[in-house]
Number of protein chains: 2
Amino acid sequence: MPVLRQDLLTGEWVIIATERARRPETFAGKKEEERSIPPARVANCPFCPGNEDMTPPAVLVYDERATPPGTGVSGKHGGEGGTAAVADGWTVRVIPNKFPALERGVHGEGAVLGDRCGDLFRSYQGYGVHEVIIETPDHNRHFADLEEHELGLVLKSFEDRIVALSRDQRLKYVQVFRNHQREAGASIEHPHCQLIALPYIPPLLEKEYRRAHDYYLAEGRCLLCSLLEEEERIGDRIVLQNDYFTAFIPFAAPLPFSAWIVPREHYSSLEVSAEGWEKKLAPILGGFLERLSKKLGDPPYNMYLHSSPLRSEAMPYFHWHLEIIPKLTIVAGWELATGTYINVSLPEEAAGYLKVPEGEKVETRV
Amino acid sequence: MPVLRQDLLTGEWVIIATERARRPETFAGKKEEERSIPPARVANCPFCPGNEDMTPPAVLVYDERATPPGTGVSGKHGGEGGTAAVADGWTVRVIPNKFPALERGVHGEGAVLGDRCGDLFRSYQGYGVHEVIIETPDHNRHFADLEEHELGLVLKSFEDRIVALSRDQRLKYVQVFRNHQREAGASIEHPHCQLIALPYIPPLLEKEYRRAHDYYLAEGRCLLCSLLEEEERIGDRIVLQNDYFTAFIPFAAPLPFSAWIVPREHYSSLEVSAEGWEKKLAPILGGFLERLSKKLGDPPYNMYLHSSPLRSEAMPYFHWHLEIIPKLTIVAGWELATGTYINVSLPEEAAGYLKVPEGEKVETRV
């Protein structure tokens, strides 16, 4: 029988469609040997080294080679291992988006625009910042291929940019996200993340803050701390973890293999997390993405960060997390009409499939 | 400069990305002559005439030939024109979905299931109904290809099924939707709509009811009546209309060419609409889809109905409408993360492009 499960963070009901459920292996895409790998450098790629003048000037650059070991965020692993990723003076490069969805405008904050509005409609100047995080000089190395210390640098750049942008009092939230492959919305092949800084709190975040706050008032603790404790106690849906982070397919996952990665200690944002969080997260995020890629044939996916508002001190009720949504099915009329999801994969089975090392037999269906 | 526009029905802010805006014609897909047309009958298609035993028994059948003109909903045009669509005793056929997302179960209503829930999570029996509306016996005639009287019959079947399902007091809402083409989620090629009857009100509908109710309490009238009046007064975003229905690209359209079709008189549901509403809607819906198909190369799209809850009498504050969302861009990390949209097409330009008859020059950019 089909089952309704409630997503505790958003309050929404997800239909787990047992009658049309598919076994985990049926979601697998192309095999590794069938996939084409682009070259390491592409002459006309605006994100490849040597083409820096094709983009606006960088707002942040990490250069692993320039930092002696032990003196900075990127220094710790400087010179070790990933020298292939160091080229032309940068390891990670953050630039303004050349075609921004939002930008800092010439009008004042919240300028009301009368464009074809009439009396009823409202239109405002779209104030904001849109940046691109170029993860590596190498055109052909995916996020999941990066060494841990390289992945850590990319993660650290999120925090550095959030801290820098939080100085602009007009900005309320920074949304960091990543689109992997064209089918998931990546219009440029060279591996990159994006961030958009907004003058308002996005509605999904507002919903999560509200529910987390209600739970905190009722129970005196953080909802995601409770949820994570329960997921760890049950264990079925955990994919992998270390002492600091847990990656799991949540109880009410809206889509097949959609996952959360959550810090095991309570932190409301990257900025208030314990120093070095990115080095602890890198093996879990990298490990999860590597399993996703190997077990499901490098599927397209979207990844994003949910964090507390800009400039918020440590908040006792909100708990930052990453969400990873592989694009394995088509979001269609039902989802657009209702704002809810039908998941054709059982979260326990999806987790079990990713959990077991390759080659071993998986048997989770009950 | 990018602009923020508020969707009055949902309250969400849409970013109209002027810096990355694309001209209407750049969204066009394949030309008519490049598209392959399947045959009228497909031997192993479960929805083709002669294969009725491949599906569960029908819950509703219209047979145009069986009804003499003037005696029933389907009789008016019986024998005229669309005889190609009449075959093997049915014109429209509604059947239970063989692989339902929800079904009427063996457990009692709202039975709590303890499946891997622990103390925190909640899981219920997924009570509901999932049906398929086979729109025509012809495998190769799209929704936009149907004659007006055939399209009217399909629309009428929505009302008939909603009325029948409303007798089940456990059901609260019926969501009717349509996925056009595989890219928009249609897993079976034969033209069909679907409906899912739910034991709860979906969150997007709840949000629309709330906002419409708030507006009604403040202003003493229906929000969508006000909105439609304003859109008609401004005129730029209207694509086509007759005395009963208006099709337009709304002020804060979330995605390129996403449209609403709204009855010009206030009705809260199909069931309370004036007799014959489907015959008035058919030319506007058919005309809109035909323009979409011709001007944009038959793009995939999703369509859905937003109506009042089951068994509600005429409601003064909610106004039923159809939404049509062509799949012309990829919904990616940003939209999943925030629950908001970036529209890379100006609603006025999209409407202007669809409004002008083919062959005439379009000039709307300001």
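Before reading on, note that the structure itself is shown above.
About the criteria used
Residues numbered from 1 in each chain as written. Chains lettered and ligands numbered in written order. Predicted model: local features only at pLDDT ≥ 70, side-chain atom pairs only at ≥ 80, totals over all residues. Heavy atoms only, no water. Buried < 20%, exposed > 50% of the residue type's maximum accessible area, 1.4 Å probe, protein only. Helix = DSSP H or I, 4+ residues; strand = E, 2+ residues; numbered from the N terminus. Pairing = 2+ DSSP bridges. Phe/Tyr/Trp six-rings, centres within 6.5 Å; stacked < 30°, edge-to-face > 60°. Lys NZ or Arg CZ within 6 Å of the ring centre and 35° of its normal. Contact = heavy atoms within 4.5 Å. Buried area = accessible area lost by both parts, 1.4 Å probe. Salt bridge = Lys/Arg side-chain N within 4 Å of Asp/Glu carboxyl O. Polar contact = N/O pair within 3.5 Å; in protein donor to acceptor, adjacent residues only side chain to side chain. Nonpolar A, V, L, I, M, F, W, Y, C, P; charged D, E, K, R; others polar. Expected span 1.5 Å × (residues − 1). Axes fitted to C-alpha atoms, helices over the stretch in contact; angles between N-to-C directions.

Focus on the pairing of strand E12 (residues 301–306) of chain A
Residue and element names in this part refer to chain A. Buried residues dominate E12, accounting for six of its six residues. Burial along E12 is two-sided: Tyr301, Met303 and Leu305 and Asn302, Tyr304 and His306, pointing in opposite directions, are all buried. In terms of strand pairing, strand E7 (residues 173–180) meets E12 through four bridges, oriented antiparallel. Bridge pairing in E12 places Arg178 opposite Met303. Here E12 pairs with strand E13 (residues 321–326) via six bridges, running antiparallel.

Describing the packing of aromatic side chains
The geometry of an aromatic ring pair is captured by the separation of the ring centres together with the interplanar angle, meaning the angle of the planes. What the rule picks out here adds up to 20 aromatic pairs over all chains. With 5.8 Å between their ring centres and 75° between their planes, Phe27(B) and Phe257(B) make a pair best called edge-to-face. Taken together, the residues span a long stretch of sequence, with Phe27(B) in the loop between strand E2 (13–16) and strand E3 (60–62) and Phe257(B) in the loop between strand E10 (245–248) and strand E11 (259–263) at a distance of 230 residues. Summarising the aromatic geometry, the rings of Tyr209(B) and Phe318(B) are spaced 4.9 Å apart at their centres and angled 85° between planes, so their arrangement reads as edge-to-face. On the criterion of sequence distance, the pair formed by Tyr209(B) in helix H2 (residues 203–219) and Phe318(B) in the loop between strand E12 (301–306) and strand E13 (321–326) is long-range, its members being 109 residues apart. For the pair shown, Tyr209(B) and Phe318(B) are each scored as buried. Aromatic ring contacts, followed pair by pair, group Phe27(A), Phe257(A) and Tyr353(A) into a single cluster. The lysine or arginine in question, Lys295(A), covers the ring of Tyr353(A), its NZ or CZ lying 5.4 Å from the ring centre.

Quick look at the interface of chain B and chain A
Facing the 80 residues of chain B at the interface are 81 residues of chain A. Between chain B and chain A, roughly 6600 Å² of surface is buried when both sides are summed, and carbon and sulfur atoms account for 66% of that area. At the boundary of chain B with chain A, the tally comes to zero salt bridges. Taken together, the links from chain B to chain A amount to 16 residue pairs in polar contact (both at pLDDT 80 or more). For the side of chain B that touches chain A, the class distribution of residues is 42 nonpolar, 19 polar and 19 charged.

A few points about the environment of Glu278(A)
All names here are of chain A. Relative to the helices and strands, Glu278 is located in helix H4 (residues 277–296). On the accessibility criterion, Glu278 (3% relative accessible area) is buried. Ignoring any residue separated from it by four or fewer positions in sequence, one finds Glu278 in contact with Gly152, Leu155 and Lys156. At 3.4 Å, the side chain of Glu278 forms a polar contact with the side chain of Lys279.

Some details on helix H2 (residues 203–219) of chain A
The periodicity of an α-helix, 3.6 residues per turn, causes residues three or four positions apart to be oriented the same way. Residues and elements named next belong to chain A. Spanning 17 residues, H2 covers 24 Å between terminal C-alpha atoms, matching the ideal 24 Å at 1.5 Å per step. Among all positions in H2, only Pro203, Leu205, Glu208, Tyr209, Ala212 and Tyr215 are buried. Of the residues one or two after H2, Gly220 is the one with positive phi, at around 70°.

Remarks on the environment of Glu349(A)
Relative to the elements of secondary structure, Glu349(A) occurs in helix H6 (residues 347–355). In this structure, the C-alpha to C-alpha distance between Glu349(A) and Ile249(A), residues 100 residues apart in sequence, is 9.4 Å.

So, the sheet that holds strand E8 (residues 192–198) of chain B
Paired through their backbone hydrogen bonds, the strands of a sheet run either parallel or antiparallel. Residues and elements named next belong to chain B. With antiparallel pairing, the 10 strands of this open sheet are ordered in space as E3-E4-E6-E8-E7-E12-E13-E11-E10-E9. The two strands at the open ends of the sheet, each matched to only one other strand, are E3 and strand E9 (238–241). With direction set aside, neighbouring strand axes in the sheet form an average angle of 20°. Where strand E6 (residues 129–134) lies against E8, six bridges are found, and the strand directions are antiparallel. In the strand pairing of E8, Val129 is matched with Ala197.

Remember, this is a structural readout, not a statement about activity or role.
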